[in-house]
Amino acid sequence: MGRVFATFLREQYEQEWPDALVAVPMHPLSEFTRGFNQARLLANVLSSDLKLPLCHCLSKTRRTPQQMTLGLDERRQNLQHAFKVTRQPPRHLAVVDDVMTTGTTANTLARLLKSAGAEHVDIWVLARTPEVR
């Protein structure tokens, strides 16, 4: 799906391309248990196909329940203080994830990256679930 997504972006994206891509990080233990980070796999393909560098400027420092198992209010609280910026982000970057449900992860990371110096943060997701109430 990453190659299809990259082709779509190349054909449809009319804005200024970001300086770099950043995958939504997983906690190291969660990634070890799963064996992969789906957002990183997608970001790797997009980086290669679109000739955009990957920025490894985020980490997940606190293991949290999966967002999909929580309600809207719980999702907002779940990610507080779960991520940190590990190095200066570029001026314009795109956060890559597989699925967006409520936008809580995207909003949390965009806010964090902007507080660390990013001026413009795009959110690139492969799928968007129906609105959760």
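Residues numbered from 1 in each chain as written. Predicted model: local features only at pLDDT ≥ 70, side-chain atom pairs only at ≥ 80, totals over all residues. Heavy atoms only, no water.

Draft legend 1. Representation of the sheet that holds strand 1 (residues 20-23). In space, the three strands of this open sheet follow the order 1-4-5, with parallel pairing throughout. Every interior strand has two partners, whereas the edge strands, strand 1 and strand 5 (120-128), have only one. Within this sheet the neighbouring strands show an average axis-to-axis angle of 30°, counted without direction. Lying over the sheet, helix 3 (residues 38-50) contacts strand 1, strand 4 (92-100) and strand 5, oriented at roughly 130° with respect to strand 4. Taken strand by strand, helix 5 (residues 104-115) contacts strand 1, strand 4 and strand 5, and its axis lies near 165° from that of strand 4. (Pairing = 2+ DSSP bridges. Helix = DSSP H or I, 4+ residues; strand = E, 2+ residues; numbered from the N terminus. Axes fitted to C-alpha atoms, helices over the stretch in contact; angles between N-to-C directions. Contact = heavy atoms within 4.5 Å.)

Draft legend 2. Spatial organisation of the packing of aromatic side chains. Scanning the entire structure with this criterion turns up one aromatic pair. Relative to Trp124, the ring of Trp17 has its centre 6.0 Å away and its plane inclined at 85°; by these criteria the two rings are edge-to-face. Here Trp17 is found in the loop between helix 1 (2-12) and strand 1, whereas its partner Trp124 is found in strand 5, with 107 residues between them in sequence. Look at Trp124 and you get buried, because its relative accessible area is 4%. The aromatic ring of Phe36 is capped on one face by Arg34, whose charged end is 5.8 Å from the ring centroid. (Phe/Tyr/Trp six-rings, centres within 6.5 Å; stacked < 30°, edge-to-face > 60°. Buried < 20%, exposed > 50% of the residue type's maximum accessible area, 1.4 Å probe, protein only. Lys NZ or Arg CZ within 6 Å of the ring centre and 35° of its normal.)

Draft legend 3. The pattern of salt bridges, seen in detail. Within this structure, the stated rule accounts for two salt bridges. A salt bridge links Arg91 to Glu16; the shortest N-O distance between them is 2.6 Å. Here Arg91, found in the loop between strand 3 (83-85) and strand 4, pairs with Glu16, found in the loop between helix 1 and strand 1; they are 75 residues apart in sequence, far enough to count as distant. (Salt bridge = Lys/Arg side-chain N within 4 Å of Asp/Glu carboxyl O.)

Draft legend 4. Molecular detail of the pairing of strand 5. In this sheet, strand 5 lies alongside strand 4 in parallel orientation, the contact comprising eight bridges. Considered in strand 5, the bridge of Val99 is made with Ala127.

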